[in-house]
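Read off the chains here:
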Amino acid sequence: MMSLLASIGPIILLIIMALLLRFPVQYVRKHNSFFMKKINWFIGGYLLLLLIAVIVFAFIPKEEAFGEKKEVEARVLKELKEFHDALSSGDLEQVSSNLVGKKNDFTYQQKSLSIQIYDDQWFGLSIVVEQKESADGVVEASVYKSNIYYQQVDITDLVPAFKVDLQDDTLMIYAPDYNELKLEKVMNAFPIRQFTGERMMSESMDLSGDMVLYVRIPKGTVLWNDTLFDLTYVVK
(Lines give C-alpha, C1' and ligand atoms only; values in the text may rest on other atoms or scores of the structure.)
Protein backbone atom coordinates (compact mmCIF):
# COMPACT_ATOMS: atom_id res chain seq x y z
CA MET A 1 0.00 0.00 0.00
CA MET A 2 2.79 2.43 0.92
CA SER A 3 4.63 1.61 -2.30
CA LEU A 4 1.48 2.37 -4.30
CA LEU A 5 1.05 5.70 -2.52
CA ALA A 6 4.70 6.53 -3.22
CA SER A 7 4.06 5.92 -6.91
CA ILE A 8 0.88 8.03 -6.98
CA GLY A 9 2.66 10.89 -5.19
CA PRO A 10 4.23 12.38 -8.36
CA ILE A 11 0.80 12.39 -10.05
CA ILE A 12 -0.76 14.29 -7.15
CA LEU A 13 2.14 16.75 -7.18
CA LEU A 14 1.71 17.27 -10.90
CA ILE A 15 -2.01 17.96 -10.49
CA ILE A 16 -1.29 20.56 -7.82
CA MET A 17 1.30 22.20 -10.07
CA ALA A 18 -1.20 22.19 -12.94
CA LEU A 19 -3.77 23.97 -10.78
CA LEU A 20 -1.22 26.59 -9.73
CA LEU A 21 -0.21 27.18 -13.35
CA ARG A 22 -3.78 27.35 -14.59
CA PHE A 23 -4.01 31.11 -14.96
CA PRO A 24 -0.53 31.62 -16.49
CA VAL A 25 -1.29 28.84 -18.97
CA GLN A 26 -4.62 30.41 -19.92
CA TYR A 27 -2.79 33.65 -20.61
CA VAL A 28 -0.22 31.87 -22.82
CA ARG A 29 -3.01 30.01 -24.63
CA LYS A 30 -4.58 33.26 -25.74
CA HIS A 31 -1.31 34.69 -27.05
CA ASN A 32 0.62 31.67 -28.36
CA SER A 33 -1.44 28.68 -29.43
CA PHE A 34 1.51 26.80 -31.01
CA PHE A 35 3.52 26.95 -27.76
CA MET A 36 0.45 25.82 -25.86
CA LYS A 37 0.10 22.72 -28.02
CA LYS A 38 3.64 21.71 -27.12
CA ILE A 39 2.89 22.13 -23.41
CA ASN A 40 -0.28 20.04 -23.74
CA TRP A 41 1.63 17.24 -25.49
CA PHE A 42 4.38 17.33 -22.88
CA ILE A 43 2.04 17.27 -19.86
CA GLY A 44 -0.22 14.68 -21.45
CA GLY A 45 2.70 12.40 -22.28
CA TYR A 46 4.15 12.72 -18.80
CA LEU A 47 0.79 11.93 -17.18
CA LEU A 48 0.43 8.88 -19.41
CA LEU A 49 3.91 7.73 -18.46
CA LEU A 50 3.10 8.14 -14.76
CA LEU A 51 -0.10 6.14 -15.08
CA ILE A 52 1.68 3.31 -16.89
CA ALA A 53 4.47 3.33 -14.31
CA VAL A 54 1.98 3.07 -11.42
CA ILE A 55 0.40 0.00 -12.98
CA VAL A 56 3.76 -1.62 -13.74
CA PHE A 57 5.18 -0.80 -10.30
CA ALA A 58 2.23 -2.51 -8.60
CA PHE A 59 3.30 -5.82 -10.18
CA ILE A 60 7.04 -5.55 -9.45
CA PRO A 61 8.14 -8.23 -6.91
CA LYS A 62 9.45 -5.93 -4.16
CA GLU A 63 10.98 -8.72 -2.12
CA GLU A 64 13.13 -9.81 -5.05
CA ALA A 65 14.18 -6.23 -5.80
CA PHE A 66 15.30 -5.45 -2.26
CA GLY A 67 15.87 -8.94 -0.87
CA GLU A 68 19.55 -9.02 -1.84
CA LYS A 69 20.32 -5.78 0.04
CA LYS A 70 18.59 -7.04 3.18
CA GLU A 71 20.49 -10.32 2.90
CA VAL A 72 23.82 -8.49 2.74
CA GLU A 73 22.93 -6.33 5.74
CA ALA A 74 21.95 -9.42 7.75
CA ARG A 75 25.26 -11.10 6.87
CA VAL A 76 27.25 -8.02 7.91
CA LEU A 77 25.47 -7.84 11.27
CA LYS A 78 26.03 -11.56 11.81
CA GLU A 79 29.76 -11.19 11.07
CA LEU A 80 30.10 -8.33 13.55
CA LYS A 81 28.20 -10.18 16.28
CA GLU A 82 30.34 -13.30 15.86
CA PHE A 83 33.46 -11.12 15.98
CA HIS A 84 32.46 -9.50 19.30
CA ASP A 85 31.17 -12.76 20.79
CA ALA A 86 34.48 -14.50 20.09
CA LEU A 87 36.53 -11.74 21.72
CA SER A 88 34.28 -11.31 24.76
CA SER A 89 34.53 -15.05 25.41
CA GLY A 90 38.31 -15.16 24.88
CA ASP A 91 38.08 -17.40 21.80
CA LEU A 92 41.02 -15.83 19.97
CA GLU A 93 41.45 -18.71 17.55
CA GLN A 94 38.12 -17.86 15.95
CA VAL A 95 39.31 -14.31 15.16
CA SER A 96 42.96 -15.11 14.40
CA SER A 97 42.50 -13.82 10.83
CA ASN A 98 41.36 -10.47 12.24
CA LEU A 99 44.60 -9.88 14.15
CA VAL A 100 46.37 -6.74 12.95
CA GLY A 101 50.14 -7.19 12.94
CA LYS A 102 51.59 -9.13 15.86
CA LYS A 103 50.67 -9.40 19.52
CA ASN A 104 52.55 -6.93 21.72
CA ASP A 105 54.19 -8.41 24.84
CA PHE A 106 55.30 -5.91 27.48
CA THR A 107 57.24 -6.94 30.59
CA TYR A 108 55.38 -5.47 33.54
CA GLN A 109 55.95 -5.95 37.28
CA GLN A 110 53.75 -3.21 38.79
CA LYS A 111 50.46 -3.92 40.52
CA SER A 112 48.32 -1.43 38.61
CA LEU A 113 48.04 -0.45 34.97
CA SER A 114 46.32 2.52 33.33
CA ILE A 115 44.82 2.64 29.83
CA GLN A 116 44.74 6.01 28.08
CA ILE A 117 44.04 7.48 24.64
CA TYR A 118 46.88 9.71 23.45
CA ASP A 119 45.81 13.36 23.36
CA ASP A 120 42.21 12.28 24.19
CA GLN A 121 41.47 11.64 20.53
CA TRP A 122 38.15 10.05 19.64
CA PHE A 123 37.75 7.17 17.18
CA GLY A 124 35.87 3.89 16.88
CA LEU A 125 37.27 1.46 19.44
CA SER A 126 36.25 -1.31 21.84
CA ILE A 127 38.43 -2.61 24.68
CA VAL A 128 38.30 -6.19 25.93
CA VAL A 129 40.26 -7.25 29.01
CA GLU A 130 41.23 -10.75 30.11
CA GLN A 131 42.92 -11.42 33.44
CA LYS A 132 45.36 -14.30 33.32
CA GLU A 133 45.34 -17.15 35.81
CA SER A 134 48.99 -16.51 36.70
CA ALA A 135 51.10 -13.47 37.59
CA ASP A 136 53.59 -13.94 34.76
CA GLY A 137 54.71 -10.28 34.65
CA VAL A 138 53.67 -9.79 31.00
CA VAL A 139 50.98 -7.49 29.62
CA GLU A 140 49.73 -8.62 26.23
CA ALA A 141 48.04 -6.14 23.89
CA SER A 142 46.58 -7.13 20.52
CA VAL A 143 44.64 -5.17 17.93
CA TYR A 144 41.76 -6.89 16.13
CA LYS A 145 39.80 -5.45 13.24
CA SER A 146 36.52 -6.82 11.96
CA ASN A 147 35.46 -6.52 8.34
CA ILE A 148 34.50 -2.89 7.78
CA TYR A 149 31.81 -1.91 5.29
CA TYR A 150 30.59 1.42 3.99
CA GLN A 151 27.14 1.08 2.40
CA GLN A 152 27.85 -2.62 1.84
CA VAL A 153 31.24 -1.96 0.19
CA ASP A 154 34.11 -3.78 1.92
CA ILE A 155 36.75 -1.17 2.83
CA THR A 156 38.56 -3.23 5.48
CA ASP A 157 41.97 -2.99 3.82
CA LEU A 158 41.61 0.78 3.39
CA VAL A 159 41.00 1.55 7.06
CA PRO A 160 44.22 1.81 9.13
CA ALA A 161 44.27 0.39 12.65
CA PHE A 162 45.24 2.20 15.83
CA LYS A 163 48.56 1.54 17.60
CA VAL A 164 49.38 0.73 21.22
CA ASP A 165 52.51 1.09 23.35
CA LEU A 166 53.47 0.81 27.02
CA GLN A 167 54.82 3.96 28.67
CA ASP A 168 55.82 3.49 32.31
CA ASP A 169 52.58 2.35 34.00
CA THR A 170 50.29 3.41 31.12
CA LEU A 171 49.12 1.46 28.10
CA MET A 172 48.84 4.25 25.55
CA ILE A 173 46.53 3.99 22.55
CA TYR A 174 47.31 6.08 19.46
CA ALA A 175 44.59 6.97 16.96
CA PRO A 176 44.86 5.52 13.43
CA ASP A 177 46.59 7.53 10.74
CA TYR A 178 44.26 9.86 8.86
CA ASN A 179 43.07 8.32 5.63
CA GLU A 180 40.68 10.08 3.24
CA LEU A 181 38.49 7.78 1.18
CA LYS A 182 36.51 8.91 -1.84
CA LEU A 183 33.75 6.63 -3.09
CA GLU A 184 31.44 7.11 -6.04
CA LYS A 185 27.89 5.81 -6.19
CA VAL A 186 25.88 5.32 -9.37
CA MET A 187 22.14 6.01 -9.03
CA ASN A 188 19.17 6.10 -11.33
CA ALA A 189 17.88 9.48 -12.48
CA PHE A 190 14.88 11.04 -10.71
CA PRO A 191 12.27 9.88 -13.29
CA ILE A 192 13.30 6.29 -12.46
CA ARG A 193 13.78 6.74 -8.70
CA GLN A 194 10.28 8.12 -8.20
CA PHE A 195 8.86 4.78 -9.33
CA THR A 196 11.37 2.39 -7.82
CA GLY A 197 11.40 4.06 -4.38
CA GLU A 198 15.20 4.48 -4.51
CA ARG A 199 16.38 7.32 -2.25
CA MET A 200 19.24 9.77 -2.54
CA MET A 201 20.24 8.96 1.04
CA SER A 202 20.72 5.28 1.75
CA GLU A 203 18.49 3.75 4.43
CA SER A 204 20.98 0.94 4.95
CA MET A 205 23.89 1.02 7.35
CA ASP A 206 26.37 3.67 6.22
CA LEU A 207 29.35 2.31 8.17
CA SER A 208 29.65 -0.96 10.04
CA GLY A 209 32.62 -2.66 11.63
CA ASP A 210 34.80 -2.27 14.69
CA MET A 211 38.36 -2.32 15.98
CA VAL A 212 39.13 -3.93 19.32
CA LEU A 213 42.04 -3.68 21.73
CA TYR A 214 42.38 -7.04 23.48
CA VAL A 215 44.45 -6.78 26.66
CA ARG A 216 45.64 -9.70 28.82
CA ILE A 217 46.95 -8.63 32.21
CA PRO A 218 48.74 -10.68 34.89
CA LYS A 219 46.71 -12.05 37.79
CA GLY A 220 46.33 -9.49 40.59
CA THR A 221 46.99 -6.47 38.36
CA VAL A 222 44.51 -3.63 38.87
CA LEU A 223 43.43 -1.92 35.65
CA TRP A 224 42.49 1.77 35.60
CA ASN A 225 40.40 2.93 32.68
CA ASP A 226 41.28 6.56 31.80
CA THR A 227 39.48 6.49 28.45
CA LEU A 228 35.93 7.33 27.41
CA PHE A 229 35.36 3.74 26.36
CA ASP A 230 33.78 1.01 28.45
CA LEU A 231 35.80 -2.08 29.24
CA THR A 232 34.46 -5.54 28.50
CA TYR A 233 35.88 -8.29 30.69
CA VAL A 234 36.27 -11.77 29.25
CA VAL A 235 33.92 -14.40 30.61
CA LYS A 236 34.90 -17.93 29.68
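As a reminder, the structure under discussion sits directly above these lines.
Overview of the structure. Keep in mind the model is a prediction, meaning the values are calculated, not measured.

**Quick notes on the sheet that holds strand β3 (residues 126-131)**
The strands making up a sheet are joined through hydrogen bonds of the backbone, oriented either antiparallel or parallel. Spatial strand order, β1-β4-β10-β3-β12: 5 strands in an open sheet with mixed pairing. Lying at the two open borders of the sheet, with one neighbouring strand each, are β1 (99-107) and β12 (231-233). Taking each pair of neighbouring strands and ignoring which way they run, the sheet shows an average axis angle of 20 degrees. Sheet topology note: the strand β4 (residues 138-145)/strand β10 (residues 211-217) ladder contains 6 bridges and is antiparallel. The residue of β10 that forms the bridge with alanine 141 is valine 215.

**Observations regarding empty space enclosed by the protein**
Using the criterion set out here, one finds 2 cavities of 30 Å³ or more in the structure. Put simply, the second largest cavity is a space of about 30 Å³. Lining the second largest cavity, in full, are Leu92, Lys103, Glu140, Ser142, Tyr144, Tyr214 and Arg216. Among the secondary structure elements, those contributing two or more residues to the lining of the second largest cavity are β4 and β10. A per-element tally of the lining of the second largest cavity places β4 first, with 3 residues. Classifying every residue of the lining of the second largest cavity gives 3 nonpolar, 1 polar and 3 charged.

**Describing the environment of glutamine 110**
Its place among the elements puts glutamine 110 in the loop between β1 and β2 (112-117). Between the C-alpha atom of glutamine 110 and that of valine 222, which follows or precedes it by 112 residues, the distance is 9.2 Å. The residues contacting glutamine 110, other than those within four sequence positions of it, are Asp168, Asp169 and Thr221.

**Quick word on the pattern of salt bridges**
Counted under the stated rule, the structure contains 10 salt bridges. Where arginine 75 meets glutamate 79, a salt bridge forms, and the shortest distance between an N and an O atom there is 3.1 Å. With a gap of 4 residues between them, arginine 75 and glutamate 79 both fall in helix α4 (residues 62-88), about one helical turn apart. Overall, the relative accessible area of 25% leaves glutamate 79 in the partly exposed class. Taking the shortest distance from any N to any O, the salt bridge between arginine 216 and glutamate 130 comes out at 3.3 Å. Of this pair, arginine 216 sits in strand β10 while glutamate 130 is found in strand β3, placing the two residues 86 residues apart along the sequence.

Definitions and cut-offs
- Residues numbered from 1 in each chain as written.
- Predicted model: local features only at pLDDT ≥ 70, side-chain atom pairs only at ≥ 80, totals over all residues.
- Heavy atoms only, no water.
- Pairing = 2+ DSSP bridges.
- Helix = DSSP H or I, 4+ residues; strand = E, 2+ residues; numbered from the N terminus.
- Axes fitted to C-alpha atoms, helices over the stretch in contact; angles between N-to-C directions.
- 1 Å grid on protein atoms, 1.4 Å probe; cavity = no way out; pocket = protein on both sides within 12 Å on 5 of 7 lines; lining within 4 Å.
- Points joined across faces, edges and corners; volume = space filled by probe spheres on them.
- Nonpolar A, V, L, I, M, F, W, Y, C, P; charged D, E, K, R; others polar.
- Contact = heavy atoms within 4.5 Å.
- Salt bridge = Lys/Arg side-chain N within 4 Å of Asp/Glu carboxyl O.
- Buried < 20%, exposed > 50% of the residue type's maximum accessible area, 1.4 Å probe, protein only.

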